Structure formats: C-alpha cells, structure tokens
Amino acid sequence: MIRNRAVAIFGGTFDPVHYGHLRAAAEISERLKVSNFRLVPAGQPPHRTGTWAEPFHRLAMLELAVASYSDLHVDEREVLRDGPSYMADTLASVRTEVTSVPLLLCVGQDAANQLHRWERWRELLDLAHLVVMTRPRSEPSYAEELADALAGRHVKRARDLMDSPAGLVCHVEVTQLAISSTDIRHQLERGWDPRFLLPATVLSYIRKHGLYGTAPADAAPSSDETSPRNE
Ligand code: ATP
C-alpha cells in the first residue's frame, strides 16, 4: 500500500490497552494510509486523579499489543516527560520533528466532547488536524466554545486532511466495539476473565505482574477461584 506522509497521534491512558483502541488505530492507519501511526500513553493524565497501572506497565502492555504490527508504533515521550501529559506539548514536540506534514490527532468521540477542557486546547488545531473516531454510547456533543472553534473546519473525506498540515476536523466511523479499560479493570477486580476484549499477551502481562487486583502469577490460586485462566 502506498502511504501518504501523514503522522497520526493517538493518546490515552491505555490502562490497559484493549481491542477498542487497537481496532480503531488499525482502521485509521489503513484507511487514511498514514505513514506513521503512534500510540502515545500518558505519563500523568491531567484529567484523572491517577492511573491504576504505572506508566512503565502501560507502556509495556502497549508494546506487547502492537509488537507484530509494523505500521503501529508506541511513542514514549509523555511517559519520559516530567509533569502532567498535555497533548499540546506532545503535538508541539512531534511537530518539531515532522515539520510540515499533516499531523492527525486521533480521539474517540467521548474525548472529543471534552476537548475544551484540555490544557491550551485551542493550540491543538494550530498543530494538528482532529480525527474524531466514533465510539459506542458516545454521540457528538460539543460545548458552545468548542463548537464555535470547530465551525468551518469540518471536512467529509479523510483524504482532504492530506493537503495541509493542521486545522481541519474529520469524523471517521470505526468498527463499534463497546470495550473500555474501566470495564476490563472491573472484570479483573472481580476475578472474571476479560479474554477476547484485549490481546492475550496483554492479559498474560497483567496476571504476571498482578495488575488491577489480579494475584501475581507466582501466587497460589485461591481455592474458590472458578474463572478459567489464560496462562
Ligand atoms: P477508561 O475506561 O479507563 O476511561 P478507555 O477505554 O476510555 O479508558 P482511554 O485510554 O481513556 O481508554 O482512551 C484513549 C482514547 O481511545 C480516547 O480518545 C478514547 O475515546 C478512545 N477509545 C477508547 N476505547 C475506544 C473504543 N472502544 N472505540 C473507539 N475509541 C475508543
């Protein structure tokens, strides 16, 4: 496939990464033919009180998830940077490396609806195009100031994003997978098995390191444990 020069940035806490993230990433990468698709785990997400797994675990799980896919990359810069992980800083830093190519900030619809709460959010559209990915149970709902800022920037076809470096908005339908990290964490805390919602390699890592309330792999299983294990 001939790829264009665009670079895509898909940020998140990925706590843990799941097939909702990965399928959306794969579809955007393929359909928009971006030359470089980067998943960017937040070091310290500014809009949350904390994360469940440490940044190095979330990074390692992402690396495992995309290990066999050469078009999907993990970008460590937010984990390596001190302080809150502001996307405006991330895009500015990526922009210094890629100069004038189209830069695509990929966000799910739920995240797009909250964009006006992000630090220096107006700068985001100076630095990148916004690609809004559909997500189950999440309809477009923009606060007035955000709707005003997005007005006049919408394009219908994703290929219209390829003629300029930044400043446009495109809504892209991706396969609807009603999977969330929250749901996976809840299942794990209850001792249920969230297999098939996330890669088996990621689930094995979670169990090996005792993340999200699972017993570390070398601990003996409790006698009342009924849910099957993947290891
Ligand atoms: P949590 O349940 O902890 O809030 P999450 O599943 O929403 O996590 P995040 O890491 O917060 O995952 O999301 C990162 C980005 O991925 C956001 O832009 C979000 O909208 C998007 N995203 C997450 N899950 C899906 C999904 N199933 N389909 C499409 N986009 C998704």
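Right above here is the structure, for reference.
Residues numbered from 1 in each chain as written. Predicted model: local features only at pLDDT ≥ 70, side-chain atom pairs only at ≥ 80, totals over all residues. Heavy atoms only, no water.

Draft legend 1. Local environment of the overall build of the protein chain. Along its length, the protein chain carries 9 helices and 6 strands. What you see for the protein chain is a C-alpha radius of gyration of 18 Å, in line with the 17 Å of a compact globule of 231 residues. Along the first, second and third principal axes, the C-alpha set of the protein chain runs to 60 × 40 × 35 Å. The burial tally for the protein chain puts 46% of its 231 residues in the buried class. If you take every contact in the protein chain between residues at least 6 apart in sequence, the share linking residues at least 24 apart comes to 74%. Charge separation in the protein chain, taken as the distance between the mean sites of 26 positive and 30 negative side-chain charges, equals 5 Å. (Helix = DSSP H or I, 4+ residues; strand = E, 2+ residues; numbered from the N terminus. Rg over C-alpha atoms; globule rule 2.2 N^0.38 Å. Buried < 20%, exposed > 50% of the residue type's maximum accessible area, 1.4 Å probe, protein only. Contact = heavy atoms within 4.5 Å. Lys, Arg positive; Asp, Glu negative; His and termini not counted. Charge placed at Lys NZ, Arg CZ, Asp CG, Glu CD.)

Draft legend 2. Local environment of helix 1 (residues 19-31). Its 13 residues give helix 1 an end-to-end C-alpha distance of 17 Å, which sits within 8% of 18 Å, the value for a rise of 1.5 Å per residue. Among all positions of helix 1, only Gly 20, His 21, Leu 22, Ala 24, Ala 25, Glu 27, Ile 28 and Ser 29 are buried. Once helix 1 finishes, Lys 33 follows within two positions and takes phi at roughly 50 degrees, a positive value. (Expected span 1.5 Å × (residues − 1).)

Draft legend 3. Quick peek at the sheet that holds strand 4 (residues 103-108). Strands sit in the order 3-2-1-4-5-6 across an open sheet of 6 strands; the sheet is parallel. Among the strands making up the open sheet, the edge pair consists of strand 3 (72-74) and strand 6 (169-172). The mean angle between the axes of side-by-side strands here comes to 25 degrees, regardless of whether they run parallel or antiparallel. In the sheet, strand 2 (residues 36-41) pairs with strand 3 via 3 bridges, with the strands oriented parallel. Bridging from a neighbouring strand, Leu 39 pairs with Val 74 of strand 3. Seen against the sheet, helix 1 touches strand 1 (7-12), strand 2, strand 3, strand 4, strand 5 (129-133) and strand 6 and runs at an angle of roughly 155 degrees to strand 2. (Pairing = 2+ DSSP bridges. Axes fitted to C-alpha atoms, helices over the stretch in contact; angles between N-to-C directions.)

Draft legend 4. Focus on the side chain of Asp 15. Following the sequence through the fold, Asp 15 ends up in the loop between strand 1 and helix 1. Arg 185 is the oppositely charged side chain nearest to the buried, salt-bridge-free Asp 15, at an N-O distance of 4.3 Å. At 3.1 Å, the side chain of Asp 15 and the backbone nitrogen of Ala 53 are in polar contact. Discounting chain neighbours no more than four positions away, the residues touching Asp 15 are Thr 51, Trp 52, Ala 53, Arg 58, Ser 181, Arg 185 and Tyr 212. (Salt bridge = Lys/Arg side-chain N within 4 Å of Asp/Glu carboxyl O. Polar contact = N/O pair within 3.5 Å; in protein donor to acceptor, adjacent residues only side chain to side chain.)

Draft legend 5. How the structure looks around the site of the ligand. Not every one of the 21 residues close to the ligand is listed here, only the nearest: Gly 108, Asp 110, Arg 135, Leu 177 and Thr 182. Backbone polar atom of Gly 108 to an oxygen atom of the ligand: 2.8 Å apart, as the coordinates give it. At 3.0 Å from an oxygen atom of the ligand is found a side-chain nitrogen or oxygen belonging to Arg 185. Those elements that provide at least two residues to the shell around the ligand are strand 1, helix 1, strand 4, helix 5 (109-113) and helix 8 (181-189). (Near = heavy atom within 4 Å.)

Draft legend 6. Focus on the pattern of salt bridges. The final tally for this structure, using the stated rule, is 13 salt bridges. A salt bridge links Arg 38 to Asp 75; the nearest nitrogen and oxygen atoms lie 3.2 Å apart. Of this pair, Arg 38 sits in strand 2 while Asp 75 sits in the loop between strand 3 and helix 3 (77-80), and the two are 37 residues apart along the sequence. For the pair shown, Arg 38 and Asp 75 are each scored as buried. A salt bridge links Arg 157 to Asp 160; the shortest N-O distance between them is 2.8 Å.

Draft legend 7. Structural view of the environment of Thr 90. Counting through the fold element by element, Thr 90 comes out in helix 4 (residues 87-98). Measuring from C-alpha to C-alpha, the distance between Thr 90 and Leu 127 comes to 9.9 Å, with 37 residues separating the pair along the chain.

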